[in-house]
Amino acid sequence: MSYAKGLGVNAFSEIVYYLGGSCSTLRTDVGIDAEAQGRGSLRLVVTDGGDGTTSDHADWAAPVLTC
């Protein structure tokens, strides 16, 4: 699946969204980037998964805030 908007990261990374006090929820689709060619391992905090950072690419796509 392709997305027009989103945020892609590589290990080691952690994404923190400031919701401004008036928003309560951030929802996104989360997945391993196709660039990893099926070799990545993923948590919401992207680490090397114990196998190096080469294929640990993650995407947060189609973000929606609930305010």
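Residues numbered from 1 in each chain as written. Predicted model: local features only at pLDDT ≥ 70, side-chain atom pairs only at ≥ 80, totals over all residues. Heavy atoms only, no water.

**Examining the confidence of the model for the protein chain**
Chain-level pLDDT for the protein chain is 80 on average; 96% of the residues reach the 70-or-more range. Ranking the elements of the protein chain by mean pLDDT puts strand β2 (residues 25-32) last with 82 and strand β3 (residues 57-66) first with 84. (pLDDT = per-residue confidence, 0-100. Helix = DSSP H or I, 4+ residues; strand = E, 2+ residues; numbered from the N terminus.)

**Observations regarding the state of the cysteines**
In the structure shown here, the tally under the stated rule is one disulfide. The side chain of Cys 23 participates in a disulfide bridge whose partner is Cys 67; the two sulfur atoms lie 1.9 Å from each other. Measuring the twist about the S-S bond at about 75°, one finds the Cys 23-Cys 67 disulfide to be right-handed. With Cys 23 in the loop between β1 (6-10) and β2 and Cys 67 in the segment after β3, this pair connects stretches of sequence that are 44 residues apart. (Disulfide = S-S within 2.5 Å.)

**Concerning the sheet that holds β1**
Sheet architecture is open: three strands sit in the order β1-β3-β2, paired in antiparallel fashion. The strands lining the two open edges of the sheet, one partner per strand, are β1 and β2. Each neighbouring strand pair of the sheet contributes to a mean axis angle of 25°, computed without reference to strand direction. Relative to β3, β1 runs antiparallel, the two being bridged by five bridges. Counted as the bridge partner of Leu 7 is Trp 60 from β3. (Pairing = 2+ DSSP bridges. Axes fitted to C-alpha atoms, helices over the stretch in contact; angles between N-to-C directions.)

**A closer look at the pairing of β3**
Along any regular strand the residues' side chains alternate between the sheet's two faces. As paired strands, β2 and β3 are joined by seven bridges and run antiparallel to one another. Looking at the pairing, Asp 29 lines up with Ala 61 of β3.

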